[in-house]
Amino acid sequence: MGQKVHPYGFRLGINKPWKSRWFVERGYDKLLVEDVKLKAELREKLKAAGVSSVEVERPGNKLRLIIRTARPGIIIGRKGAEIDKLKADIQKRTSREVFIDILEVNKPELDAQLVAENIALQLEKRVSFRRAMRKSVDSALRFGCKGIKVRVSGRLNGNEIARSEWYLQGRLPLHTLRADIDYGFAEANTTYGIIGVKTWVYRGDIYEQKKRREPITTTGAF
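With an unreviewed UniProt entry as reference, the chain is termed Small ribosomal subunit protein uS3, source organism Granulicella sibirica. Comment text from UniProt for the chain, heading Sequence similarities (unreviewed entry), reads "Belongs to the universal ribosomal protein uS3 family."

Caption draft 1: Molecular detail of helix 4 (residues 81–93). In a regular helix each residue adds 1.5 Å, so 13 residues correspond to 18 Å; helix 4 covers 19 Å between its end C-alpha atoms and thus fits that length. Among all positions of helix 4, only I83, L86 and I90 are buried. Buried residues along helix 4 cover an arc of 60° about the axis, so they all sit on one side. Of the residues in helix 4, the exposed ones pointing more than 90 degrees away from the buried face are K85 and K92. Here the buried face of helix 4 lies against helix 2 (28–45), strand 3 (62–69), helix 3 (72–76) and strand 4 (97–104).

Caption draft 2: Main features of the nonpolar core. Among the nonpolar cores identified, the biggest contains 22 residues, and I119, L123, I148, V150, V152 and V197 are the most heavily contacted of them. Those elements that place two or more of their residues in this core are helix 5 (112–124), helix 6 (129–142), strand 5 (147–154), strand 7 (179–190) and strand 8 (193–205). If one sorts the elements of this core by residue count, helix 5 sits on top with six residues. Contact partners of L123, with chain neighbours within four places excluded, come to F129, V152, A188, T190, I195 and V197. Formed by 18 residues, the second largest nonpolar core is a distinct cluster that contains L31, L38, L42 and I90.

Caption draft 3: Representation of the side chain of T94. Inspection of the secondary structure assignment puts T94 in the loop between helix 4 and strand 4. When its relative accessible area of 11% is taken as the criterion, T94 is described as buried. One polar contact links the side chain of T94 to the main-chain amide nitrogen of R96, over a distance of 3.4 Å. Every residue in contact with T94, bar those within four places of it in the chain, is listed here: E34 and L63.

Caption draft 4: Structural detail: the UniProt feature "domain: KH type-2" (unreviewed entry) in the chain. As recorded in UniProt, the sites labelled "domain: KH type-2" (unreviewed entry) are residues 38–106. The span residues 38–106 is 38% helical and 33% strand by assignment, and the distance between its end C-alpha atoms comes to 25 Å.

Caption draft 5: Seen up close, the domain arrangement of the chain. Under the domain assignment used here, the chain contains domain 1 (23–104) and domain 2 (108–205). The C-alpha centroid of domain 2 is placed 27 Å from the C-alpha centroid of domain 1. Contacts between the two partners involve five residues from domain 1 and, on the opposite side, five residues from domain 2. When the buried area of domain 1 at its contact with domain 2 is split by residue, R43, S52 and A70 rank highest and sum to 74% of it. The tally of links from domain 1 across to domain 2 stands at one salt bridge. The partner of E117 in a salt bridge is R43, with the nearest N and O atoms 3.7 Å apart. Taken together, the links from domain 1 to domain 2 amount to one residue pair in polar contact (both at pLDDT 80 or more).

Caption draft 6: Highlighting the environment of A162. Topologically, A162 is positioned in the loop between strand 5 and strand 6 (163–170). For the pair formed by A162 and I195, sequence separation is 33 residues and the distance between their alpha carbons is 9.2 Å. The contact partners of A162, leaving out residues within four places of it in the chain, are G154 and R155.

Thresholds applied
Residues numbered from 1 in each chain as written. Predicted model: local features only at pLDDT ≥ 70, side-chain atom pairs only at ≥ 80, totals over all residues. Heavy atoms only, no water. UniProt positions renumbered as here; feature names shortened; annotations may be inferred. Helix = DSSP H or I, 4+ residues; strand = E, 2+ residues; numbered from the N terminus. Expected span 1.5 Å × (residues − 1). Buried < 20%, exposed > 50% of the residue type's maximum accessible area, 1.4 Å probe, protein only. Arc of directions from axis to C-beta. Contact = heavy atoms within 4.5 Å. Core = buried A, V, L, I, M, F, W, Y, C linked by side-chain atoms within 4.5 Å. Polar contact = N/O pair within 3.5 Å; in protein donor to acceptor, adjacent residues only side chain to side chain. Domains from an automatic or database assignment. Buried area = accessible area lost by both parts, 1.4 Å probe. Salt bridge = Lys/Arg side-chain N within 4 Å of Asp/Glu carboxyl O.

Written out as structure tokens, the structure reads:
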């Protein structure tokens, strides 16, 4: 039952934030379509930079994009030339003032989206799917994750009948809301067809920090 619910959507507002943060009373549909197109185009354009996620904020008449990437140098470019070009390109399409924040992903081996994209890239280079899965799982465990599951589906090794294979190491408590589970999905375009790659990475539990209560002091006699 646990895999029928998206691991990210299940935890929204509990220990995961929304990927788009804005509010409007009118024209919601246009802004939603703009968000989806913008995220898809940025992912395609910055494929070499290892983009984990793109978050959108719209404070007032501004548009802020927060790009989490494993290789920020590729996006920024020499003396910020590439990021200025990207900003100008987005500015043309929208009437808002554009700001771009680049955040570096310190451990790409523990980022589910980057792990899934890395496996998909290896499958496109005709690496054996079992070898690609095992390599990613071992490297994630070496970097300190509590559990990881990788699942590939499609015409594996060019077989006539499509099938799914998965590999699990460690714990993966999908029903536990406090569990910090990252989820990623990527597609490998092979000569035999598309192979889907799903990745779940369990990075430990997130506990709400309780504020210390100040001792009550009283003055005067009872």
